[in-house]
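Residue strings, one per chain:
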Amino acid sequence: HRQWKSKQDPEEITVPDVTGMTYEAAVQILAAKGLLCSKATKYNDGTHTPDTVAETFPLVGTPIKAGDSISIILWSNPTPATEGPRCQPPHTRNI
């Protein structure tokens, strides 16, 4: 006795690892699996490549169904540090 899946039952898939990819590349992979993608950003301290995928939610390896939504979280562009007042070099005097 076999149990047939109805065409109305969405296929269960596992969230693939798209970390480090561009948003466009990640969307292509995730949309091809039937997922609905949204975009968010995460603080970047300057040690990560901006506009690449930091993580997804649900996380990599999580079982979800085609048609579900997934958030693609990108590293933001690091904000330049604001410079405080500059120290002046000490004045030298000839004695």
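Residues numbered from 1 in each chain as written. Predicted model: local features only at pLDDT ≥ 70, side-chain atom pairs only at ≥ 80, totals over all residues. Heavy atoms only, no water.

Chemist: Could you clarify how one ought to interpret the nonpolar core in this entry?
Modeler: Looking at soluble globular proteins, one finds that nonpolar side chains tend to be buried together. Ile13, Val15, Val18, Tyr23, Ala26, Leu30, Leu35, Val53, Ile64, Ile70, Ile72 and Leu74 together form the largest nonpolar core, which totals twelve residues. Of all the secondary structure elements, the ones that give two or more residues to this core are α1 (23–32) and β5 (69–75). Setting aside residues up to four positions removed in sequence, Ile13 forms contacts with Lys33, Leu35, Thr62, Pro63 and Ile64. (Core = buried A, V, L, I, M, F, W, Y, C linked by side-chain atoms within 4.5 Å. Buried < 20%, exposed > 50% of the residue type's maximum accessible area, 1.4 Å probe, protein only. Helix = DSSP H or I, 4+ residues; strand = E, 2+ residues; numbered from the N terminus. Contact = heavy atoms within 4.5 Å.)

Chemist: Explain α1 to me, please; I cannot follow it from the model alone.
Modeler: Each α-helix winds once per 3.6 residues, and so residues spaced three or four apart point in a common direction. For α1, every residue scored as buried is listed here: Tyr23, Ala26 and Leu30. All buried residues of α1 fall inside an arc of 65 degrees around its axis, so they share one side. Those residues of α1 that are exposed and aimed more than 90 degrees away from the buried face are Glu24, Gln28 and Ala32. Buried residues in α1 make contact with β2 (36–42), β3 (53–57) and β5. Positive phi appears at Gly34, one or two residues downstream of α1, with a value of about 90 degrees. (Arc of directions from axis to C-beta.)

Chemist: Explain the sheet that holds β3 here, please?
Modeler: With mixed pairing, three strands are arranged side by side in an open sheet as β2-β5-β3. Looking along the sheet, the strands with just one partner apiece sit at the ends: β2 and β3. Shown here is a sheet whose adjacent strand axes are inclined to one another by a mean of 25 degrees, direction ignored. Alignment of β3 against β5, held across four bridges, turns out to be antiparallel. Residue Glu55 lies in a different strand from β5, and its bridge partner there is Ile73. (Pairing = 2+ DSSP bridges. Axes fitted to C-alpha atoms, helices over the stretch in contact; angles between N-to-C directions.)

Chemist: I would appreciate a short explanation of unusual backbone geometry in the present structure.
Modeler: Most peptide bonds are trans, and most residues other than glycine sit at a negative phi. Residue Pro58 follows Phe57 across a cis peptide bond; omega there is 0 degrees. Positionally, Pro58 belongs in the loop between β3 and β4 (63–65). Phi is positive for Asp51, close to 65 degrees, though the residue is something other than glycine. The partly exposed category is assigned to Asp51, whose relative accessible area is 43%.

Chemist: Looking at this structure, I do not really get the pattern of salt bridges. What am I missing?
Modeler: Where charged atoms of side chains with opposite charge meet at close range, the side chains can pair. Summed over all chains, the structure comprises two salt bridges. Across the salt bridge formed by Glu12 and Lys65, the nearest N and O atoms sit 3.7 Å from each other. One end of the pair, Glu12, is in strand β1 (residues 12–14); the other, Lys65, is in strand β4, and 53 residues separate them in sequence. For Lys42, the salt bridge is made with Glu55, and the minimal N-O distance between the two is 3.1 Å. (Salt bridge = Lys/Arg side-chain N within 4 Å of Asp/Glu carboxyl O.)

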